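# Geometric and topological summary
Now for the letters of each chain:
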Amino acid sequence: MNLNLNQRRNNFCTAVWASLAVLCYLAVSPLQADFQKGYDEIKPILKKYCHDCHGDEKHKGDLNFEAFKAEKDILVHLQKWFSVIDQVETGTMPPEDKKLRPTEAEVIQLVSWVRKTIDEFDYDSVKDPGRYTLRRLNKAEYNNTIRDLTGVDLKPARYFSGDGGGGEGFDNNAEGMTMLPLMVEKYFKAARDISRHANVSYADGIRFSPDLSPTYSPRSYLVLAERKLTDFYNDIFDTLPKYNPRKEFKPYLMPAMKLALAKPDATDREIYDIAMREKLMPGVFHKWARSFLDAEEISKTSRWDSHYGKWVIDPWLELQSRRDSVTEEELQLFHDDFAAKTLLSAPATGMMTKPGMEVKTEIKEKAEVLYLSVGDMDDGHEFDRIVLHKPRVTLKDGKEVFLGDLELIEKQGEGAIHKENFPDGKPFVSTASGKEKIERGFYIEAPALLSFKLPPGVKAFNATLGIEKSADGKGSVQVYASDESIPFPKGKHTHSYFFSGPGNTSVEAAKKWWVIYSALVGYGKSPGSKEMVDVSLDEQGRARLDSIKREVEYAKREPIENFFKFVKAKKFAHLIKAKEGELPALSDLPEKDRAPPETLSEADQKKWNELQGLAENFQEEMDQGIRDSLLEFASRAFRRPLKEEEAEVITSVYETAIEEDDNFQKAVQLVIQSLLTRPQFLFRFENEGTEKGAQPVDGFALANRLSYFLWSSMPDQTLIDLAKEGRLTDEKVLEQQVRRMLKDPRSLSLAQEFASQWLGFRKILNEKEPDLKLFPTYTKELKESMYQESMMAFDEMIKEDESVLEILDSKSTFLNEALAKHYGIPGVEGSEMRKVELKDAQRGGFLTMGSLLVATSFPERTSPVVRGQWILDALIGGKVPPAPDGLVIDQAKMENEAVSIKARLAAHRDNPNCSVCHDRMDPFGFALENFDAVGRFRKTGPNGAPMDATGDLKGGPQLEGAAGLKHYLVTEKRDAFLHQMAQKQLGFALGRSLEYFDESVIRTAVAELKENDYRYSAMVLAIVKSFPFRNRREKGFQTDAIQ
Amino acid sequence: MQYNKRNWALNRRTVLRGLGGVSLGLPWMETMLWGAEKKELANSPLRLGVIYQPNGINPYEWTPKDTGADYTLSKTLRPLAPIRDEVLVLTNLNHDLKKGRDRPTSGHYGGTSNFLVGNGVKRSMGSDIQCGVSVDQMAALHMADQTLLPSLELSTEPEWTGVDTGERITQLYGNSISWLTPSTPLARERYPRLAFDRLFGKTTGLGDTRSVIDLTLDSIHDLQKKVNQEDRHRLDEYLNSVRSLEKKLEFSEKNQRPVPEALLKGRIPDPGKAKSHDEHLSQMMDIMTLAFQTDRTRVATFMMGRSSSGIDFSFVDKKCGGLHGMAHHAERKEKLEGYQIANEYTVKKYVEFLQKLHSIKEGEKSILDNSMILYGNNMRDGNSHTSKNLPILLGGRAGGRINPGRHIEYPEDTRLCNLYLAMLKRFGLNIDSFNESTEELPQLS
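The model shown is predicted, which means the values in this text are computed figures rather than measured ones.

### Some remarks on the overall build of chain A
Each helix and strand in chain A was counted, giving 41 helices and 19 strands. The proportion of buried residues among the 1043 residues of chain A is 44%. Across chain A, the fraction of contacts at a sequence separation of at least 24, relative to all contacts at a separation of at least 6, is 74%.

Have a look at this one:
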C-alpha cells in the first residue's frame, strides 16, 4: 500500500483546490463534529451513485462501500479512498455511460469529507510496527557487506541482476525482493569467488586480499612463512636511508670501540640506545659494535680468520685484552690506523679484473623453458645495461643453438632488449668479448625477466656477459639463468653471478680486506640489522613479529616432528602414514597407534607420552585458532552471535573438510563459501521474540536495522558490542551511535542509495541519455561530474548536519572545470570536484543540478510536464493519477518547434480532463525552462525567441524562473517538502511500503526538523527512535493494516 | 542439536547417486549426437525462441503492402529476403489495449512484462507485482527435467530499479518478458561469458559448488522450522532455487554428454562486457544456437534491449543515435531515418540467427525446421507508444506444423495470445486457451 496522506493534504491546499476547500469547509465542517455524523451525510451520495457496482451485491474492482463501517476501515483502506478521490474528482467515475452523475457540490462534499477524515485521525493511537518481511541483501548491500566483512572492496554483486523496487520507490524494499534460480546461482558463484580471496594462516586466521589467495601444501606453506619473516625485516630495512659503507663508516668506529672496551657484555638494547644517543643508524652501529665486541669470537670463524683479517684484528685483540688500561691516545691511534686501512682497501669499483665473464648453467633433462633474469645490485638499475656475447644452448649431441633463434615466450620488465644490433644498426660494444666482435649478441636493460622456449635435449646454457660500453664502470648487475621459474629480479636477488665493470684494484690485499669488511658490515646491503629492529619495535610491530614467528613455528610443526622422530627412532616407523618428503600431520599417526607400546622401557614410555602430549597440544592449538577465526567470521557474516548449533555445524564442516585433504586453507575456503550461501548471510533475519504482540527488537536486530539504514551495510564491531552489552536499545546510546554513523564515511550510502533514488539523479547513470547528436557536449565525464555533484552535495549535508532545505536551495555546490563550464560558471579549473560558492540564484539546490535537469528531460528536448511532475511528486508529494488509457495526442502538433513549448502544452489547459492535473504540474516545469535538456542555462528557446520561464500557478503566485520557483517551494511549500522527505526517508529506513499509521512517525520527524533548524540528523533520529523502527510484530499480532 | 559430522555431505551425494536409476527423462542429446540413427533424428524436439526488441518500429515502413506467399517485402523487412520462405509476417496482432488504468497492457514497463503474457500488469509500486505466466515459461514447464536448463533468459542492458512515480508503477516491469509465475518475473543474464559458462563451463562454472550445496541445504532445516509463515515463503523461494541449481548440477553430472571442443572452439566470449552492441547480440544469439544445438535447453528468450532502451545505434550508421531518442521521432524526417536504419539492423540480426539455425542439420531437417522463433516488439510506434498491430514475425516450421513464407493479415485487434496458444499447442501442450486468447490463431499451418 502506498500512503500519501500529506500529499492529499497538499493537493487540498494547493491553490487549485484552495477556493473549493474554503467553500466546502464552510459548508461541511459544522456538520462533521464527529466521524459518524459526517459519514452518515455522505452515505446517501455513495448509495445513489456507487452502490450499484461497489456495494454488497457487486463489488467491482474489489471495492465495496457498504463494507466500510468505522473510521478505521477507511484509514486502513486509504489507497482505495485515494483512488476514489482521483476518479471522482477527474470524473472518471461514475463511468461515462452512467446517466446518473453527482453534482459538483456532491463531489466536493464527498471528497472533502474523505480528506478531513484522513487528516484528523489520531495516528499515534495505533501501535503497529508494520510487517517486517524477510529481506535479502540487495546488490548495493551485498557489495558493501562483503566490503566490510572482508575489508576488500571486491564488488561481487556487479554481475547480479537488478533488484526491482517498490514501496516508496527504493530498491531495498523487502516486498519486491524475489529469490530466483539465476540469482541463487550467482550467489553460489560469488561465494566461491569471494572465498578464493581468503588468505588463511595459523597465526592470523582469515584475512582477505584483493588478489586471489592460493592455497599451499604444508611444505610450501613453511617456505612462505619463513619468507614472511624475512620480508618483515626487509620491509623495515627498505625504509632506512641509503648508506654507503665505504664512505660513511667513520662516525661509527669510535663509539663502537669505546663501547666494546667499556662494556664487553653490552646488550642489543644498550647498543640501540647508544646509536640513538649518538644519532647513528642503529643497524650499522650494531654491526660495528658487534664486530669489536665479539672480535675474539668472530676471529675463530672464517670471517676474520684469514691472513688479511689478522692484518687489522690482532692489534684490536691486543687492546681488548687490556681494556682497563687502554689510554685515550692509544685508542685514537688504533682508530686512525684502522680507518686509514679501510679507506685504502676500498676499491673504486667492483671486483672484475678482466673484461667478460663466462656464464654457464646446466639445464635439466626435459626442461622446457629457459629463464634469464637481469637485475640490479639493490642500488637501482641506472646504467644496468648488459650485453650477452654468444648466448647459446648446447644440445646433448654437442650442437649449439643461439639464444636469438629460440622463441621468446615472455618478457617482463620495461627496459629495452635488442637482438644482434641496436635498432639503428650499430653493433653492440661492451666488455663482454674483449677485442672480438660481439657474436649473435643480446642487449638487455635491467630489470628484466625473459623466458625462452627450449628445444628438446638441451644440456647447458652459455654466454659471456659484459656491461654495455656507455655504462662501463657505472653499471652493476646480477644475471641469473635457470631452467626453473624464477621471480622477477627486484633487489636482494641472491643466486647470481656478480658482475661489474673493470676497476682499479691494484692492491690484492686490500681487495681481500674488502671482502672481510663487507662480510662484517654488509657492503651493498641495507644498513639494518634484525637485532636493532627487534629492540626498537612498538607494541603493534612486536605483535606482528610474534605472530609471524608463531606462524613459522606452526608451519614447522616441530613438536609433531619430534614425536615422530622419536617414534621412528624406536623403530615404529611403519605406524606412520606420512609420505616421504612431506611435512608430518598428526593424523599421519592414527589415533589407535599413538599410545606407547608396552614393550618399551619405562623411561621411553615416559618420553613417548611426553612428546605425544606436546604434539597433540600443538595440533589442538593450531586447530583451535582456525576454528575460532572461522566462527568469528561466521558470526560477522551472520551479523549476530552464533547459536550453539550453528557453531557446531560450522566446526564439523571444517573438520570433515580437513580430514579429506590435509590442507586447512582449502578447508577454510570451502567453509567460507558455504557460509556465504547460507540464508543467515543472504537474508536479514531477526530473532523472534517470545512475547506476543508488538515487541521491541533485540539489540542485534536494531544494530542491523541501523547499519542497513545509514550505511547500506553490515553493523560494525562497535554496534555489535553495544548490542551484546544490551546497551544499544538505550535511547541515549542509540542517539550517540546515530550521530557517529552519520559522520562515518560509510554514510555516503545515503546519497548513493537513498537520495539518488528519491530525487532520481541515479537515472542519468544508465536510464536517461540525451540525444548525443543534439547535445554533443554531454560527455561521459560531464555525466559523471553531474552525478558526483549531486552525491557530494547530499553527502555534505549529512556530514555537516546541515538543513534539509539545502536540497531546495543552496548557496554552494560541487563542480569541476567541465561542469562549471557547462553551467557557465567561471574560475573553476581542473577535473577534481570541489565546493564552489554560487554567485547568483540561478543555480543552487537540486532543482538546478545538471543531473536532475537531464533526468527530467526527453532525449531531444525539455519536458515541462516531466519536470513539473517530478517537483510535485518527488519534492512536495503531490500525486497525480497516470494519464487515462487511450489518449490520442497530436504528435505533429506536439513536436512543432516553431511554437513555444508553453503554447504547445496549452492543450492541457483547454481540456478539463487534462487540466485537472496539468494545471498543477506544468507551471513548475515552465519555471525551469531556462535550463535545456542537458542542464545548460539558456535565454532563448530553440525557435530563437526569448525564453519564457514563468509559470502561472492557478490561484497562486506567478513563478519567475528557477529562483522564483525555489523561493516558492522554500516558503509556501516548506511543510509539504518536509513531510515528503520524512516520508521517503522512513520508507527507505523501514524497507517496506508505508501504512496509514506510519503518518505518526512522519509527523514527529517533521516536528523534530522544525525544532532543530531543519538539521538532517533530527529527522534520522526521529525515525530511528520511532515505534516501527524499534519494534516488530510477533506471533499473534493483530493488525488492521492490509499488509 | 547432535550433529553427526560423518553424515553431512558425502552421504548426501551418495544418496543422489543412488537415485541414478530413477530416470529424469532421457535427454534427447543421448540419442541425437553425432552419428545417431536417422530414425531417431526424426523425433527431434521442438524449440521455442523469442527475440524481443523494445521501443517500437517506424510504423510507416513495417507492414508489407500485400499478403500471401508472394507478398512484397516492406522496407524494414527487406533483410528477410534470403530466408523469407522460413518466416511468417503476422499483421494486426496485439494484446487487449484497454484493461483499465490499474491494469496497463502497454507502455514501456507494463508493455514489456506483458509482451509474452497478455493479461496486463497490476499497477503496482512493487509490493504486489502481478502479470501472468508467459508463453515461454509455459513451454519451459512442459519441458521441465528434459534438459540442463528449463529455459534460458538473456538480455543486454542493466535492469531498471525503483519506481516510475509518474506512472505509479515499479520499473521492475521493464526488465523481463519471462514470468515463471504471475508474481515472479525471471532474472536475465546479460554477460555473454556468464551465460556461456552456465551452459558449457567446467561443472557449469561453479566448481565444487555441489558439495557446498550439500553443506548449505543440510544446515537449513532447522531454520525453516523457526521462521514464521510469511518468511518461510521467502526461504522456500531460496530453497527451491538452490534445489534447481542442484538439479542442474546433478543433471550435468549424470546426463550431459560433453560437448565436443571443436564445436565450442572460438565461440567462448571474453569475460565482462561485450566489446560492442553488435558483438553482444551476435554472442548471445550464438549461445542460443549452441544451447539449442546441444539440447542444453529448448526454450530461450533474448531481450535485445530492455524497455525504453538507450542503446546507441550510431555504430550501424552515423544517422542513428540512442534508441529511445530515435524512437521519439516526433515525425521528423531525420529522426525517422535513423530509427528506420536501426529497425532494419535488428531485423537483420534476427535473420542472421535464423540462418544459423537453418544451417545446422538434424537429419533431413534443420534446427530451424524444428523451431518456432518469434520476433516481436511490445510497441508499434515508439513515438506515440501505441501498441496496436504489433510488429510480429515467426520463423521456423515447428517440425512441419507451420507453413511459413507468407504475410498474413488478420482482422484488426486480433489477440496476440491466439498466436501464443497456437505455438504452445504445436509445442505439445494440451491446452485450449492461453491467458487472453479467444481462439487458436488460424492459417499458420
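Additional details are given in the paragraphs that follow.
### Section: the overall build of chain B
For chain B, the count of helices and strands is 14 helices and 13 strands. Buried positions account for 55% of the 445 residues belonging to chain B. Taking all contacts inside chain B whose residues are at least 6 apart in sequence as the whole, residues at least 24 apart take part in 67%.

### Quick look at the nonpolar core
Formed by 144 residues in total, the largest nonpolar core has its most connected members in V668(A), V671(A) and F302(B). Mapped onto the domain boundaries, this core takes at least three residues apiece from domain 1 (36-191 + 273-426) and domain 2 (192-270) of chain B. Among residues more than four places away in sequence, those in contact with V671(A) are L630(A), I650(A), V653(A), Y654(A) and A657(A). Core analysis: the next-biggest nonpolar cluster, separate from the first, contains 104 residues, V697(A), F794(A), M921(A) and A1005(A) among them.

### Notes on the packing of helix α19 (residues 558-569) of chain A against helix α20 (residues 602-638) of chain A
All names here are of chain A. Between α19 and α20, whose axes approach to 8 Å, the crossing angle comes to 150°. Taken as axis vectors, α19 and α20 run roughly antiparallel relative to one another. The chirality of how α19 crosses α20 is left-handed. Residue-level contacts link P559, I560, N562, F563 and F566 of α19 to K607, W608, L611, Q612, L614, A615, F618 and Q619 of α20. Residues that form the contact of α19 with α20 fall into these classes: nine nonpolar, three polar and one charged.

### Examining the packing of helix α6 (residues 192-200) of chain B against helix α11 (residues 277-293) of chain B
Residue and element names in this part refer to chain B. Across the interface, α6 lies against α11 with an axial gap of 10 Å and an inter-helix angle of 10°. In terms of axis orientation, α6 runs roughly parallel to α11. Listed contacts from α11 to P192, A195, F196 and L199 of α6 are H280, Q283, M284, I287, L290 and A291. Taken together, the residues of the contact of α6 with α11 break down into eight nonpolar, two polar and no charged.

### Here we look at the sheet that holds strand β3 (residues 152-154) of chain B
Across a sheet, paired strands are connected by hydrogen bonds in the backbone, their directions being either parallel or antiparallel. Residue and element names in this part refer to chain B. With respect to topology, seven strands assemble into an open sheet ordered β3-β8-β1-β11-β12-β2-β13, the strand pairing being mixed. The open sheet is flanked by β3 and β13 (407-415), the only strands paired with a single partner. Across the sheet, the mean angle from the axis of one strand to that of its neighbour is 15°, orientation sign disregarded. By the bridge criterion, three bridges tie β3 to strand β8 (residues 299-303) in an arrangement that is parallel. Opposite E153, over in β8, you have T301 as the bridge partner.

### Looking at the confidence of the model for chain B
All names here are of chain B. Mean pLDDT for chain B: 84, with 87% of residues reaching 70 or above. Within chain B, no element has a lower average pLDDT than helix α1 (residues 9-18), which sits at 33, and none a higher one than strand β12 (residues 392-395), at 98. Throughout residues 1-41 the model reports pLDDT below 50, and contacts reaching past four residues in sequence, or to other chains, amount to 46 contacts. Both scores are available for the predicted complex, with the pTM at 0.76 and the ipTM at 0.80.

### Quick look at the interface of chain A and chain B
On the side of chain B, 65 residues touch chain A, which itself brings 63 residues to the contact. Contributions of two or more residues to the side of chain A that touches chain B are made by α8 (181-195), α21 (644-660), α22 (664-675), α32 (864-875) and α33 (891-894) of chain A. The dominant element in the side of chain A that touches chain B, judged by the number of residues it contributes, is α8(A), at eight residues. Of the residues contributing to the side of chain A that touches chain B, the split by class is 22 nonpolar, 23 polar and 18 charged.

### Considering helix α3 (residues 35-49) of chain A
Since one α-helical turn is 3.6 residues long, residues separated by three or four positions face the same way. Residue and element names in this part refer to chain A. In a regular helix each residue adds 1.5 Å, so 15 residues correspond to 21 Å; α3 covers 21 Å between its end C-alpha atoms and thus fits that length. Remark: the principal bend of α3, roughly 30°, maps to I42, with a proline, P44, within the next four residues. Taken residue by residue, α3 has G38, I42 and Y49 as its buried positions. Residues of α3 that are buried sit in contact with α6 (104-119).

### Brief notes about the environment of T267(A)
Residue placement: T267(A) occurs in the loop between α10 (250-262) and α11 (268-277). Separated by 68 residues in sequence, T267(A) and N199(A) have C-alpha atoms that sit 38 Å apart.

The rules behind the values
- Residues numbered from 1 in each chain as written.
- Chains lettered and ligands numbered in written order.
- Predicted model: local features only at pLDDT ≥ 70, side-chain atom pairs only at ≥ 80, totals over all residues.
- Helix = DSSP H or I, 4+ residues; strand = E, 2+ residues; numbered from the N terminus.
- Buried ≥ 20, exposed ≤ 12 C-beta atoms within 10 Å, placed from the backbone.
- Contact = placed C-beta atoms within 7 Å.
- Core = buried A, V, L, I, M, F, W, Y, C linked by C-beta atoms within 7 Å.
- Domains from an automatic or database assignment.
- Axes fitted to C-alpha atoms, helices over the stretch in contact; angles between N-to-C directions.
- Parallel < 35°, antiparallel > 145°, perpendicular 65-115°, else oblique.
- Left-handed = near helix turned anticlockwise from the far one by under 90°.
- Nonpolar A, V, L, I, M, F, W, Y, C, P; charged D, E, K, R; others polar.
- Pairing = 2+ DSSP bridges.
- pLDDT = per-residue confidence, 0-100.
- Expected span 1.5 Å × (residues − 1).
- Bend = angle between axes of the 7 residues up to and from the residue.

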